[in-house]
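# Summary of the model geometry
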Amino acid sequence: MDTVYSVVGLGKLGASMAAAIASRGFQVIGVDINRRAVEAVNAGHAPVRETGLEELITAHKQRLRATMDHYEAIANSDVTFVVVPTPSDERGAFSLQYAAWAFRKIGYALKEKKGYHLVVLTSTVLPGSTRYGLLPILEKVSGKRCGVDFGLCYSPEFIALGSVIRDFLNPDFTLIGEYDEKSGSLLESTYARILENNAPCYRMSFENAELAKIAVNTFVTMKITFANMLADLCERIPGGNIDAVTQALGADQRIGPKYLKGSLGYGGPCFPRDNIALSFFARAVDTAAELAETTDRINRALPAKIVERLKPFFHKGATVAVLGLAYKPFSHVVEESQGIYLAKTLADIGFRVVGYDPLAAESARIELRDQAVVLDSLEECLNQAEVVIIATPDPVFRRLTLADLQDRNVETVVDCWRILEKELKGHSIRYITIGQNINDEESQARLIKLWLTDANSDT
Ligand SMILES: NC(=O)c1ccc[n+]([C@@H]2O[C@H](COP(=O)([O-])OP(=O)(O)OC[C@H]3O[C@@H](n4cnc5c(N)ncnc54)[C@H](O)[C@@H]3O)[C@@H](O)[C@H]2O)c1
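Below is a short write-up of the structure.

Reading guide: rules and limits
- Residues numbered from 1 in each chain as written.
- Predicted model: local features only at pLDDT ≥ 70, side-chain atom pairs only at ≥ 80, totals over all residues.
- Heavy atoms only, no water.
- Pairing = 2+ DSSP bridges.
- Helix = DSSP H or I, 4+ residues; strand = E, 2+ residues; numbered from the N terminus.
- Contact = heavy atoms within 4.5 Å.
- Axes fitted to C-alpha atoms, helices over the stretch in contact; angles between N-to-C directions.
- Buried < 20%, exposed > 50% of the residue type's maximum accessible area, 1.4 Å probe, protein only.
- Salt bridge = Lys/Arg side-chain N within 4 Å of Asp/Glu carboxyl O.
- Left-handed = near helix turned anticlockwise from the far one by under 90°.
- Right-handed = clockwise from strand over helix to strand, strands pointing away.

## Section: the sheet that holds strand β11 (residues 373-374)
On the basis of which strands lie adjacent, the open sheet formed by six strands has the order β11-β10-β9-β12-β13-β14 and parallel pairing. Every other strand in the sheet has two partners, leaving β11 and β14 (430-433) as the edge strands with one partner each. Set on the sheet, helix α13 (residues 338-348) makes contact with β9 (319-323), β10 (352-356) and β12 (387-390); between it and β9 the angle comes to about 170 degrees.

## Quick word on unusual backbone geometry
The general pattern is negative phi for most residues beyond glycine and trans for most peptide bonds. Notably, tyrosine 259 is not glycine yet its phi reads approximately 60 degrees, a positive angle. For tyrosine 259, the position within the fold is in the loop between α10 (242-251) and α11 (271-284). Positioned with a positive phi, arginine 369 is a non-glycine residue whose angle comes to about 40 degrees. Residue placement: arginine 369 occurs in the loop between α14 (361-368) and β11. With a relative accessible area of 66%, arginine 369 lands in the exposed category.

## Points about the pattern of salt bridges
Applying the stated rule across the entire model yields 21 salt bridges. Between glutamate 196 and arginine 24 there is a salt bridge, with the nearest N and O atoms lying 4.0 Å from each other. Note that glutamate 196 is positioned in the loop between α8 (181-194) and β8 (201-204) and arginine 24 in the loop between α1 (14-23) and β2 (28-31), a separation of 172 residues in sequence. Residue classification places arginine 24 among the partly exposed positions, given a relative accessible area of 34%. Measuring nitrogen to oxygen at the nearest pair gives 3.4 Å for the salt bridge that ties arginine 203 to glutamate 181. Taken together, the positions of arginine 203 in strand β8 and glutamate 181 in helix α8 put the pair 22 residues apart, joining distant regions of the chain. The class of arginine 203 is partly exposed, set by a relative accessible area of 27%.

## Looking at the packing of helix α9 (residues 206-234) against α11
Relative orientation of the contacting elements α9 and α11 amounts to 115 degrees, with a least axis distance of 9 Å. Between α9 and α11 the crossing geometry is left-handed. On the side of α9, the interface is formed by Leu211, Ile214, Asn217, Thr218, Val220, Thr221 and Ile224, while α11 contributes Phe271, Asp274, Asn275, Ala277 and Leu278.

## Quick notes on the side chain of serine 16
Here serine 16 lies in helix α1. On the accessibility criterion, serine 16 (1% relative accessible area) is buried. Ignoring anything within four residues of it in the chain, the contact list for serine 16 reads Gly11, Glu50, Leu53, Val164 and Ile165.

## Focus: the pairing of strand β7 (residues 174-178)
With five of its five residues buried, β7 lies for the most part within the structure. Judged by which residues are buried, β7 turns out to be covered on both faces: Thr174, Ile176 and Glu178 on one side and Leu175 and Gly177 on the other are all buried. Pairing of β7 with β8, which is carried by four bridges, proceeds in the parallel orientation. Bridge pairing in β8 places threonine 174 opposite cysteine 201. Each parallel crossover has a hand, and for β7 linked through α8 to β8 it is right-handed.

Here is the structure:
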């Protein structure tokens, strides 16, 4: 008989994993404590918004069902993925509160279950959590032994919201932290059957895998922040152009071109919290993750720094339109979004702020409350604006033309991602970007002062 899978936690990641596994021909039982999520899946609908999820669940509903009963799901499956929240706690660590509760439920089910069962923790946790925080719960509650009666792996996913299904089925690699050889081999062969590509599998101890997971995210954010640092420097050298610099930099194979744009900072539910958690963990083990701390500090300071640079170009009392309020295009998530931070900073210093986002209007309205007016149409937003800030490289904004802006009252466009350079640069509207100099003369004067020596001076 084919392996049956259960997925505990039908949220943004878990629901997509459950549907993706079902789409590969396996029976999947989803478990959630949220009745609405369970009912949605059983009715053939997506419990959360994610690209392609609704279609996938509808197409494979004969192989996917959901329940609120952990016991029943564990009893009727062979492998269980645990994908519950691990929210940041007041120390900046990832809380094990939900995972511990789920492991207790799984432990009760294992107590009664005959035969071997593999438990896979997918939720992001800090080093030591699986072995010292969660494994003891399974052993104590079930009265059984890991490595004998059941297996345990820590195997996080490297997915981006908006492409969770594609990323899960086609990862660059899979990462397995294993209790023992048997648990790791079973999960490796599971991935070989489920995934669409032949991704290499890296197997290691729980602790190394826990560190590797958070290392990936914190490295990427460090790279983004490095490019943003260069963008700042480009704004201060004559003819400075971040795209010219990063194009060369990214061609070096040791570096690579991805996440090297030079623009606004990173945001969303994952990246910002990971640097904080790594910093917490380093302190907890008597050292300091200074690169993670600095990356976080620079990223948090960026919106205020950008507004400080732009402020002199906006006339007092101007209405500023922030286009792009989600943390990235094709997303409705506004958590730690740079567009939201820019809007709040501008409102705090007295500008009237209006905003538009193709998907995130509802959540942006809650986030911005009385600080900005979130409008339902891009046209209405542009109608009210004297200054336009493009905060995400959404295709909707890429299609804006000079006429769209000129025919209205728009005086200045701040193009953070340089998506309208060809269309707007050199025309009557003032065009400002991140990472390009807007005051060559002043920068030149500064460099002359820096480098003109007695030997090459005429005087
Ligand atoms: N969303 C991402 O982009 C992403 C990426 C990589 C890793 N992760 C990690 O995956 C984990 C889950 O993230 P998410 O974004 O899917 O969370 P989420 O909040 O969208 O979903 C979690 C789901 O778990 C359910 N749940 C909570 N406790 C439960 C329990 N005891 N039994 C059954 N269901 C329970 C909740 O009702 C919810 O539906 C987190 O650790 C997160 O860090 C998420």
